[in-house]
Amino acid sequence: MKPAPFAYARATTLAEVFDLLETHGDSARLLAGGQSLVAALNLRLASPSVLLDINGVAALRGISFADGRLRIGALTRHAELGADPLVAQHAPLLAQAVPHIAHAAIRNRGTIGGSLALADPAAELPACILALEAVLVLASREGERRVAARDFFQGLYQTALRGDEVLAAVEIASQADVPCTLQELARRHGDYAIVGLAAQSARGALRLAWFGVGATPLRTPRAEAALAAGDVAGAQAALAGELDPPEDLHGPPALRLHLARVLLGRAAAALKGH
Amino acid sequence: MKLDLSLTVNGEAISARVEPRMHLVDFLREVLDLTGSHAGCEHGVCGACSILVNGEMVRGCLMLAVQAEGAEVWTVEGLTESGAIAALQEAFVARNALQCGYCTPGMLVAAATLLKANPSPTREEIREGISGNYCRCTGYHAIVDAIEEVSRA
Amino acid sequence: MNELSSVDRPNSYIGRSVPRPNAKRLVAGRGQYVDDLRLPRMVHVAFLRSPHAHARILSIDSAAARAAPGVVRVVTGAEMAEVCTPWVGVLHHLKGLKSAPQHALAVDRACWQGEPVVAVVARTRAEAEDAVGLVEVAWGELPATVDMEAALAEGTPVIHPALGDNLAFMREHVGGEPDACFADAESVVVQATFHTGRHTGVCLEGRAILADYNPAEGRLTAYHSNQAPHMMQTVFAKHLGLREGDVRVICRDVGGSYGIKVHVYPDEMATAALSKILGRPVKFSADRMEGMVSDIHARDHRIAARAAVTKDGVITAMEIDDLTGIGPYSVYPRTSAVEGNQVVNLCGGPYALRGYKARTTVVFQNKTPTCQYRAVGHPIATTVTEGLVDLAAEAIGMDPAELRRRNLLADDVYPFKNHANLSFEGLSHQACLTKLLAMMDYEALKAERDALRAKGVYRGIGIASFIELTNPSPFMYGIGGARISAMDGATVRLDPDGSVAIASGVTEQGQGTEAMLAQIVAGAVGVDIARVRVTTGDTETTPYGGGTWASRGAGIGGEAALQAGHALREQILVIAGAMLQAAPEALDVRGGAVVDRATGAERLPLEELGRIVYFRGDTLPKDLPRELVATRHYTPKDYPFAFTNGAQASYLEVDVETGFVTLLKHWCVEDCGTVINPMLVDEQIRGGVVQGLGGALLEHCVYSPEGQLLSGSLADYLLPMSGEMPDIQVAHVETPTKESALGAKGAGEAGTAGAPAAVQNAINDALRPFGARVFAQPFTPARILTALGKI
């Protein structure tokens, strides 16, 4: 289980990243925390010809808050995300999610940018970003463009990122003092959830973002509306029409639909008790 | 293709040339003969390759050696010689918190990391703290006992 | 002073929780596992494995692989067959068992996904893997026989046409009068169909071998991660055309085994053969993904079972019908029929039945081969037996602990032969159950469960009594023609400095074998344990023996060491008697010195005796024997197996909304006879319990209908981790075997034997208010929710 050979280049500026992407095109992969990518390399599930290590790019680091918006650099590691006071204040949903992500050693290396760019549909952070209605900042030589989370996740491991782009940061409108909850059911500590729910209240409305139930993290607008109106049972019923979960080793689609309803009830209780 | 790599391992300055594809635990084992860290699954699940890089616990199989350029790496060999984990090692032996010993170097790193962050963990917190480290032999109970004993000392 | 018993002497470490002498090395990262070893000119092998469950090998083009950087040799099955002869995994005493010849590399046809087909040897493992990717095999896919239920059906492809059908083995057994019991109008009959999921061992150290054939000497040295070096010495010699004396197998530190590393694996045989072909050291270290499809699997059983119980609580009979799929070959040399055979032997074992009827049907299929894995057949038999007992208790409205108390064999009936023809020398079911119930405070726990149930919290208590087969005699394998030693030897030697060296045929994989041997010998000779050192796992330097499996290390290897230690002490006393002008009977060895037996007064330190014997023998009488080394062997003779017994309990909570199970606490009381080191035994039990809990709740080798392993990574094959495992309280009842002076029986498999049954019964107890039950392992949320009618 050794990776196929590849070349390796380190970038320290975004300009270098863009140069390298231009030179190597689709045969290159960006290496951030590497906690999914290096495993895929070891398993030879990925065999890029060159890895572009962006860990030294200072412009992709840091967490800041200005003008009511939290900006989280793409290279922010999960452990940093979980410990950051600005995140805890303005996007507590993310802080809640961090302890559910794998194990301490993984959280020390894995990055938010890597997680979002990989877009594993069972991962916590993509769903949180969706529930937070965050904006993803995509950088290329042409400059930055901003993509709403709902437009970013396009399919199984598919995102709006173009081959010449780097995910630079995530921007989130402050959710300070707004109730939120992260609920998930995983077989063991740190496992990907069978079903998970990131729920964020928002000025009388409610955003429910699900993970582990489809090809991408998903919002369920009808359930959101019902729950916002206080109709938990109605929201649970609505899920049947809004979720079409896959069958896998955990069980049939009905398992996930059932568990989603349970999580919805628990999320409603958690939000109420907030 | 091989790249130059300079780093500090167990306090010793190391220079080597490595293939980019070599992960850090293979580098430690194959190039430096530091065979205490083990490659148990090579996909980040078992924790047998847990080591310290710049003071933080990482999976040695999920980091390329070339990514450790300039880093300070500590493995069970160095942590033993420095005495940094002596209390844990003593408790592991005294309580038989190991059988085959294959998970033990990684388990010790996880335990030391846990106790650094939380010097007085509950048994549940200990179980959570080592939940990313697979042990097929012990049933975990004695490992939890040993860590608990050190936390109370 | 009264005469001291053999295990109750000064310096006796029997029954003491002494830390293991080898543990300090392991916590310092100074173990020597096979992958840690490196030899001059060593090369690495990687295997192209079949991607198909069943396919013809039409052609192999390895030109690109041969030309790849670092590649030393590419070998196909046909070439390999010229060096390494095939084997057939059958034993004569398992009547009717059949299997097909198996090669180190598949010839013409691959029969499971993961079967090694082409070997690529290169300078590094990475280069070998690169070149494996360049080998082009033209496959002709064949229909795969995957579902064991259909293996014998009309129209199902026969995997080995020469065998006629897919039936590997069948055995039926009837004892007593089961039919009359089931026909009894006054009895209630309960029944269920149980499924035990296919598991694998997942030793953290994958299988590994470093084979070093030296053509100048014509000798093979194999550094092997293995439990049975002498068995492998025979196997390598036989199939590589060498004399046994020209094969040396060395097992240093072994990173877990649990029965996984006691079988003959084609990739390991191929590695040894490649070393012979190349005349240089070849290392194979199975990575996790190839381990998942090539380590033996186990426990793929479906069991239809029923029991008859009278309304006043007498369990009169059990009947079981077991079906198991073992993959395409019976594994060599222990065979893959043993597990099913054990299910027939062990069901109903703890109980005083009037009738017993059992059948196992063992079939071939195109999946990874199965074979003996920790607690062979026991967790299956216990799950079935104890599941039936709980059903019986529910059917007649009796407390399950009370029903067990009434039906478990009484502690004073021994020796006893049951209706499965098992002979029990001495068991303690009643004492173990009594101790278990006290330890868990059964009545208080029931009250707590009932109080919480009223609040909508669903907790369950599950109990499981069990028997465990240990200390096997030649009746296990030798009688069937396998060269697997049931006897083990120990050599104990006094060196001039007064230290004692032991060499033993049993092996260490972390159980504490070496600690156990040191404890026994320190006491038997009369020295401090710090002066004892132990060598195991080397066919060249240890007495011939079977190794460590089937919970035989302490009971057999330990007894040999005890006898050798006694013999050495007698030798010391004869010499000391001559030196001290005293009768040997008036002397003893204690604390590393010869002492006056009556007063304990020190007469002669052993280092002084050693100095005189080794360096100044001229001062001793000419005719005085000077042997300070003794070898003794031991094999059980009175009973085919030393059965042990015990009882376990699980307390858990089922979230009836999600189907998730939270383990709260687990208890085990077991009787392995003389407990040599309670700390080591307790953690053996706990480790075994967790292996059982893993199987009950998490672990499962799931296959697609095409025969592809779907849970082939550790992300999908869910192992028990610390976060979900409970604290496990262990206690003992001691009924020493009278066959040996030591009195030790095995303890290695008791935990695994009983844990799944306890969990199954606890879950069904928790679900009882809903009338829901689960009998298919692993007990997943999906299965529990299905039983609850929620999905």
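Residues numbered from 1 in each chain as written. Chains lettered and ligands numbered in written order. Predicted model: local features only at pLDDT ≥ 70, side-chain atom pairs only at ≥ 80, totals over all residues. Heavy atoms only, no water.

Participant: So, the overall build of chain C: which residues are in play, and what are the values?
Facilitator: In terms of helices and strands, chain C carries 19 helices and 30 strands. For chain C, whose C-alpha radius of gyration is 27 Å, the value lies close to the compact-globule estimate of 28 Å for 791 residues. For chain C, the spread of C-alpha atoms along the three principal axes comes to 85 × 75 × 45 Å. A buried classification covers 68% of the 791 residues belonging to chain C. Excluding contacts between residues fewer than 6 apart, the proportion of contacts in chain C whose partners are at least 24 apart in sequence is 80%. Carbon and sulfur atoms make up 51% of the accessible area of chain C, which amounts to about 24900 Å² in all. One finds the centroid of the 73 positive side-chain charges in chain C at a distance of 3 Å from the centroid of its 89 negative side-chain charges. (Helix = DSSP H or I, 4+ residues; strand = E, 2+ residues; numbered from the N terminus. Rg over C-alpha atoms; globule rule 2.2 N^0.38 Å. Buried < 20%, exposed > 50% of the residue type's maximum accessible area, 1.4 Å probe, protein only. Contact = heavy atoms within 4.5 Å. Areas by Shrake-Rupley, 256 points an atom, 1.4 Å probe, with all protein chains shown as cover. Lys, Arg positive; Asp, Glu negative; His and termini not counted. Charge placed at Lys NZ, Arg CZ, Asp CG, Glu CD.)

Participant: An account of the UniProt feature "domain: Aldehyde oxidase/xanthine dehydrogenase a/b hammerhead" (unreviewed entry) in chain C is needed here, citing residue identities and associated values.
Facilitator: UniProt's entry tags residues 28–143 of chain C with the feature "domain: Aldehyde oxidase/xanthine dehydrogenase a/b hammerhead" (unreviewed entry), counted in the numbering of this structure. The span residues 28–143 of chain C is 15% helix and 30% strand, and its two end C-alpha atoms sit 51 Å from each other. (UniProt positions renumbered as here; feature names shortened; annotations may be inferred.)

Participant: Summarise helix α4 (residues 104–117) of chain B; cite the residues concerned and give the values.
Facilitator: Residues and elements named next belong to chain B. With 14 residues, α4 extends 20 Å from end C-alpha to end C-alpha; this agrees with the ideal 20 Å at 1.5 Å per step. Within α4, 10 of the 14 residues are buried, which leaves it mostly tucked inside the rest of the structure. Those residues of α4 lying buried are T104, P105, G106, M107, L108, V109, A110, A111, L114 and L115. (Expected span 1.5 Å × (residues − 1).)

Participant: Residues and numbers for the domain arrangement of chain C, please.
Facilitator: All names here are of chain C. Partitioning chain C into structural domains gives domain 1 (23–31 + 487–634), domain 2 (34–142 + 203–294) and domain 3 (297–474 + 638–787). One C-alpha centre belongs to domain 1, the other to domain 2; they are set 39 Å apart. Here domain 1 meets domain 2 over a buried area of about 1400 Å², counting both sides, of which 44% is carbon and sulfur. The largest contributions to the domain 1 side of the interface with domain 2 come from Q509, T539 and Y544, which together make up 41% of the buried area. At the boundary of domain 1 with domain 2, the tally comes to 10 residue pairs in polar contact (both at pLDDT 80 or more). Considering only residue class, the side of domain 1 that touches domain 2 consists of four nonpolar, 12 polar and four charged. (Domains from an automatic or database assignment. Buried area = accessible area lost by both parts, 1.4 Å probe. Polar contact = N/O pair within 3.5 Å; in protein donor to acceptor, adjacent residues only side chain to side chain. Nonpolar A, V, L, I, M, F, W, Y, C, P; charged D, E, K, R; others polar.)

Participant: Please give an account of the interface of chain B and chain C that cites residues and values.
Facilitator: With 47 residues of chain B at the contact, the number on the chain C side is 53 residues. For the pair chain B and chain C, the number of links is eight salt bridges. Across the pair R38(C) and D33(B) runs a salt bridge whose closest N-O atoms are separated by 2.9 Å. Linking chain B to chain C there are 32 residue pairs in polar contact (both at pLDDT 80 or more). Within the residue set of the side of chain B that touches chain C, elements represented by two or more residues are α1 (24–31), α2 (76–82), α3 (86–94), α4, α5 (123–129) and α6 (141–152) of chain B. Along the lines of polarity and charge, the residues of the side of chain B that touches chain C split into 19 nonpolar, 17 polar and 11 charged. (Salt bridge = Lys/Arg side-chain N within 4 Å of Asp/Glu carboxyl O.)

Participant: I'd like a rundown of the sheet that holds strand β6 (residues 136–141) of chain C, residues and numbers included.
Facilitator: All names here are of chain C. With antiparallel pairing, three strands are arranged side by side in an open sheet as β4-β2-β6. Bordering the open sheet on either side are β4 (109–110) and β6, each of which pairs with just one other strand. Relative to β4, strand β2 (residues 55–61) runs antiparallel, the two sharing two bridges. Looking at the pairing, A55 lines up with A110 of β4. (Pairing = 2+ DSSP bridges.)

Participant: Provide a residue-level description of empty space enclosed by the protein, including the pertinent values.
Facilitator: Residues and elements named next belong to chain C. Applying the stated rule across the entire model yields 12 cavities of 30 Å³ or more. What the largest cavity holds in volume is close to 690 Å³. For the lining of the largest cavity, the secondary structure elements donating two or more residues are α14 (513–525), α15 (553–580) and α17 (678–697). The element contributing the most residues to the lining of the largest cavity is α17, with three residues. (1 Å grid on protein atoms, 1.4 Å probe; cavity = no way out; pocket = protein on both sides within 12 Å on 5 of 7 lines; lining within 4 Å. Points joined across faces, edges and corners; volume = space filled by probe spheres on them.)

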